[in-house]
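Structural description and commentary
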Amino acid sequence: MFSKGSLSFRKIAWGTSLLSMATVLLLSGCSGGKQQAEPTPAPVVEAPVEQPVEVPEEETSSPYKAPLTGLPLEASLTQRPLAVMINNAPAARPQSGLGQADMVYEVLAEGGITRLIGIFQSQSDIEKIGPIRSIRPYLINLGESYGGVLVHAGGSPEAYSIIQKQGKQDMDEIGNAGAYFWRAKDRKAPHNLYSSDEKLREGAAELNYGNDVKVPEYTFYPEAIAASGDGEEGTEPVEVVSGEAAEKVEIKFLLDSYVVDYQYDGSSNTYKRSINGSPHVDLNDNVQLEAANVIVLGADHKVLDDVGRLAVNVEAGGEAMLFQRGEVIKGQWVRAAGDAIRFVKDGKEVPLVPGTTYFNIVPNTPSFESHVTISNP
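Everything quoted here is computed from the prediction, not taken from an experiment.

A separate point is the pairing of strand S25 (residues 357–363). Burial analysis of S25 places seven of its seven residues in the buried class, the great majority of the element. Bridging between strand S4 (residues 103–108) and S25 involves four bridges; their strand directions are parallel. In the sheet register, Val-104 faces S25, and the bridge partner there is Tyr-358. Sheet topology note: the strand S18 (residues 293–299)/S25 ladder contains seven bridges and is parallel.

And the structure:
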């Protein structure tokens, strides 16, 4: 294409050329046939070709967000969470699938060992989840607070009584859903039981477990604020709750062999998780587990029997610490009826940084603070 100005210029050049030719012919006729030097033709000027201008597409944020991570989604999320009981004995590590969980709880089981609950909702194609282990009453309570289908292999007598009498929607490998689990050959039982999100959702559908459940939604910072701690022009005003510097937190549940630490990584704005000084990785991809938010909360624990089974109060609320953006905020955890655990400070819920959140439940004895060590290496 040519511009309007370019076309006018070419017309002028062409008209000038014709006028020059007419003048030469006229002079030739008047000179009685004498040869005249041919005039130098007028230069032909090529009009510049206009290059198309690329207009960058407007960046638009997704209108859909995962309720448990605050991360953007391509479509509205309707599938029900899976609450999977995951073995954390040394022989069960490294586990598979935790890197794709929306939220993870760690809490004591009997004998001083801890158990993990992976809450899976927003991600799919998780090829391997486990090793899967047994369930306890307070694990039922936590899993159901997210509307989750309870996934386990066996359970304590009290847990089984609750599941049967109250008609809980569960998938038990040694009960109603054995076909949707498998045993790996590279590990010894009971540390080798696995499933996948596809198999578990297939099994839940066969058991007629619907998706019409209440899934709690958390408050999240906008991503720009979460990364920098400051609002950018054009973002909604959000009060950023600040704390004290906390590059590393070490958590001791009970035994020396169950010491977890989270080291802040400023490049990813996450805390990298380790167990007993070694990186805790996901066996599916060998990537170290990380959390955008780490919540440590104190709860009352009571030993129930000679086996060491526990009652853990996951409803009463109490002291808590929230680690995010390299800082620690000291506050409380609360839980309203029919809701999940939330972190508050001065009576207000503190927004989470978009991403995975790890909840670490420690005993209130001898004191809540005795289980937590904060450092800034």
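Most of S18 sits inside the fold, with seven of its seven residues counted as buried. Side-chain alternation along S18 places Asn-293, Ile-295, Leu-297 and Ala-299 on one buried face and Val-294, Val-296 and Gly-298 on a second face that is also buried. When S18 meets strand S21 (residues 318–324), the two strands line up antiparallel, connected through four bridges. Its bridge partner being in S21, Val-296 is matched across the sheet by Met-321.

Before going further, it helps to spend a moment on the packing of aromatic side chains. The tally for this structure, following the rule as stated, stands at five aromatic pairs. Residues Tyr-264 and Tyr-271 carry aromatic rings whose centres are separated by 5.2 Å and whose planes lie at 55° to one another, so their mutual orientation is tilted. A residue is classified by how much of its surface remains accessible, and Tyr-264, at 16% relative accessible area, is buried. Consider the rings of Tyr-271 and Phe-323, whose centres lie 6.3 Å apart with planes at 80°: the pair is edge-to-face.

If you look at the biggest cluster of nonpolar residues, it comprises 85 residues, and the most contacted ones within it are Val-84, Tyr-146, Tyr-218, Phe-323, Phe-359 and Ile-361. Contacts of Tyr-218, omitting those with residues within four sequence positions, involve Pro-67, Leu-68, Met-103, Tyr-146, Ala-340, Ile-341, Arg-342, Glu-349, Leu-352 and Phe-359.

What follows is about the side chain of Asn-360. The residue Asn-360 is located in strand S25 in this model. The exposure class of Asn-360 is buried, given its relative accessible area of 0%. Contacts of Asn-360, omitting those with residues within four sequence positions, involve Glu-106, Ile-251, Phe-253, Tyr-262, Arg-273, Val-294, Ile-295, Val-296 and Leu-297.

Quick look at the confidence of the model for the chain now. One rule of thumb: low pLDDT means the predicted coordinates there are not for detailed reading. Summary statistics for the chain give a mean pLDDT of 86 and a share of 80% for residues scoring 70 or more. Scored below 50 in pLDDT, residues 1–40 makes 17 contacts in the model with residues more than four places away or belonging to other chains. Predicted confidence for residues 42–59 stays below pLDDT 50, and this span has 13 contacts to residues more than four positions away or in other chains.

As a further point, take the side chain of Glu-106. Residue position: Glu-106 is located in strand S4. Residue Glu-106 is classed as buried on the basis of its relative accessible area of 1%. A polar contact is formed between the side chain of Glu-106 and the side chain of Asn-88, at a distance of 3.3 Å. Looking at Glu-106, its side chain comes within polar contact range of the side chain of Thr-114, at 2.7 Å. When residues no more than four places from it in sequence are discounted, the contact partners of Glu-106 are Asn-88, Thr-114, Arg-115, Leu-116, Phe-253, Val-260, Arg-273, Phe-359, Asn-360 and Ile-361.

Enumeration over the complete set of coordinates arrives at 11 salt bridges. Glu-110 serves as the salt-bridge partner of Arg-136, at 2.6 Å between the closest nitrogen and oxygen. Of this pair, Arg-136 sits in the loop between strand S5 (114–120) and helix H2 (137–144) while Glu-110 sits in the loop between S4 and S5, and the two are 26 residues apart along the sequence. For Glu-110, a relative accessible area of 16% corresponds to the buried category.

Here the residue pair Arg-93 and Pro-94 is connected by a cis peptide bond, since its omega of -10° sits within 30 degrees of zero. The topology assignment puts Pro-94 in the loop between strand S3 (82–87) and S4. Residues Thr-365 and Pro-366 are joined by a peptide bond in cis, for which omega reads -10°. Mapped onto the elements, Pro-366 comes out in the loop between S25 and strand S26 (372–375). A positive phi angle is found at Asp-125, which is not glycine, with a value near 60°. Position of Asp-125 among the secondary structure elements: in the loop between S5 and H2. Of note, Asp-346 is a non-glycine position whose phi angle comes to about 55°, a positive value.

The rules behind these values
Counting restarts for each chain, with residues numbered from 1 along the sequence as it is written. Only residues with pLDDT of at least 70 get local features here, since the model is predicted, and only at 80 or more are side-chain atom pairs given and counted; chain-wide, interface and lining totals rely on the full set of residues. Just so you know, side-chain values use all the structure's heavy atoms and leave hydrogens and water out. Buried, partly exposed and exposed residues are distinguished by accessible area as a fraction of the type maximum, computed with a 1.4 Å probe on protein chains only: under 20%, between the cut-offs, and over 50%, respectively. Numbered from the N terminus, helices here are DSSP runs of H or I no shorter than four residues, and strands are runs of E no shorter than two. Between any two strands, pairing holds if DSSP finds at least two bridges. Whether two aromatic rings pair depends on their centres lying within 6.5 Å, for rings of Phe, Tyr and Trp, where Trp uses its six-membered ring; planes under 30 degrees apart make the pair stacked, over 60 edge-to-face, and the rest tilted. We call a set of buried residues a nonpolar core when its members are Ala, Val, Leu, Ile, Met, Phe, Trp, Tyr or Cys and they connect through side-chain atoms within 4.5 Å of each other. The contact definition used throughout considers only heavy atoms, calling two residues in contact when any of these lie within 4.5 Å. One number per residue, pLDDT, summarises how confident the predictor is, and it ranges from 0 to 100. Pairing of N or O atoms within 3.5 Å defines a polar contact, subject to two protein rules: one partner must be a possible hydrogen donor and the other a possible acceptor, and residues neighboring in sequence count only if both atoms are side-chain atoms. We define a salt bridge as a contact between a side-chain nitrogen of Lys or Arg and a carboxyl oxygen of Asp or Glu at a distance within 4 Å.

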